[in-house]
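Close look at the chain arrangement
In case you want the letters, here they are:
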Amino acid sequence: MSTFISYVFLGLSLAAPIGPINAAQLEKGIRNGFFHSWFVGLGAIIADAFYMGLVYLGFVHFLEKPIIQAFLWSFGCFVLIYTGVESLIGAGKISTKQSRVSEPLSKSFLSGFFMSISNPLTILFWLGIYGSVLAKTVSNYNMDQLILYSGAMFSGLLIWDLSMALLASTFRQFLSRSLLTSIAYLSGLSLIGFGIYFGIEAIKTLFFF
């Protein structure tokens, strides 16, 4: 049981660092409520599962090719800047009332999914973290335990996702409209900042590799 819990905490620690997904969850929760924030995180977790599967199946060399990484950096740049600009435009429309902005949950889900799956840092993250965990687990445990502990990692990711969604939606209920708007603007600007960083990395990968 202690080993299972340690893998849950590993999943929590993987999700906790501040990045574009957390910024997007905060912005969505403030603007649209709990479920939109939650679905951003769910989209990111599905992308994580995809890369986790590729690492498990051994498709790491394909993901390490510079042209593939350059494409992902470029696509991530577009997704982040687009989402950030959209966030800035919508920040002024935030209300402290219970009514939510009409927006399909699928849009929030796809936003989180594309942010995560187009992020080469996610690839390196899973190659480094899950790759090493996989090597250690395979050498010490059987296949059933490998699946169990991988599931524990995802439990940690899901717990963090729920926590961020609750935090963001709670902000909406207890903070003033001006403060909520300021937070939304900061979240949008941070997404644009991450997008610019992705764009610079795409250029460096294409021309200076």
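As a reminder, the structure under discussion sits directly above these lines.
First, a word on what this report is: a plain description of the structure on this page. These numbers were taken from a predicted model, which means no experiment stands behind them. (Residues numbered from 1 in each chain as written. Predicted model: local features only at pLDDT ≥ 70, side-chain atom pairs only at ≥ 80, totals over all residues. Heavy atoms only, no water.)

Another point: the overall build of the protein. Each helix and strand counted, the protein has nine helices and zero strands in total. Tracing the protein from N to C terminus, the helices and strands come up as α-α-α-α-α-α-α-α-α. By the burial criterion, 47% of the 209 residues in the protein qualify as buried. Accessible area for the protein stands at about 10400 Å²; split by element, carbon and sulfur atoms hold 74% of it. (Helix = DSSP H or I, 4+ residues; strand = E, 2+ residues; numbered from the N terminus. Buried < 20%, exposed > 50% of the residue type's maximum accessible area, 1.4 Å probe, protein only. Areas by Shrake-Rupley, 256 points an atom, 1.4 Å probe, with all protein chains shown as cover.)

Once that is clear, we can look at the side chain of threonine 83. With respect to the helices and strands, the residue threonine 83 is situated in helix H5 (residues 66–91). Using a relative accessible area of 7% as the deciding quantity, one classes threonine 83 as buried. Here valine 79 takes part through its backbone oxygen, which lies 2.7 Å from a polar atom of the side chain of threonine 83. Every residue in contact with threonine 83, bar those within four places of it in the chain, is listed here: Ser111, Met115 and Leu191. (Polar contact = N/O pair within 3.5 Å; in protein donor to acceptor, adjacent residues only side chain to side chain. Contact = heavy atoms within 4.5 Å.)

In this section: a nonpolar patch on the surface. A cluster of nonpolar side chains, Ile67, Ile203, Leu206, Phe207 and Phe208, forms an exposed patch at the surface whose accessible area comes to about 600 Å². Per element, the largest residue contribution to the nonpolar patch is three residues, and it comes from helix H9 (residues 177–207). Looking at the secondary structure, you find isoleucine 67 in helix H5. (Patch = residues over 30% accessible without salt bridge, like charges linked within 9 Å, V, L, I, M, F, W, Y side chains within 5 Å. Salt bridge = Lys/Arg side-chain N within 4 Å of Asp/Glu carboxyl O.)

Okay, the side chain of threonine 205 next. By the secondary structure assignment, threonine 205 is in helix H9. Classification of threonine 205 as buried rests on a relative accessible area of 12%. From its side chain, threonine 205 meets the backbone oxygen of glutamate 201 in a polar contact 2.7 Å long. Apart from residues no more than four positions distant in its own chain, threonine 205 is found in contact with Pro66, Gln69, Ala70 and Trp73.

Moving on, we come to the packing of aromatic side chains. Each aromatic ring pair is described using two quantities: the centre-to-centre distance and the angle formed by the ring planes. Under the defined criterion, the tally for this structure stands at 12 aromatic pairs. Relative to tyrosine 82, the ring of phenylalanine 78 has its centre 6.0 Å away and its plane inclined at 25°; by these criteria the two rings are stacked. Of this pair, phenylalanine 78 and tyrosine 82 are both found in helix H5, four residues apart, which corresponds to roughly one turn of the helix. Owing to a relative accessible area of 53%, phenylalanine 78 belongs among the exposed residues under this scheme. One aromatic cluster is present, built from ring pairs that chain together Phe34, Phe35, Trp38 and Phe39. (Phe/Tyr/Trp six-rings, centres within 6.5 Å; stacked < 30°, edge-to-face > 60°.)

Across all of its chains, the model carries two salt bridges by this definition. With its nearest N and O atoms 2.6 Å apart, the salt bridge here joins glutamate 86 to lysine 107. Here lysine 107 lies in helix H6 (residues 105–117) and glutamate 86 lies in helix H5, a separation of 21 residues in the sequence. Under the relative-accessibility criterion, lysine 107 is labelled partly exposed at 31%. A salt bridge links glutamate 201 to lysine 204, with the nearest nitrogen and oxygen atoms 3.4 Å apart. Residue glutamate 201 and its partner lysine 204 are both found in helix H9; the two are separated by three residues, about one turn of the helix.

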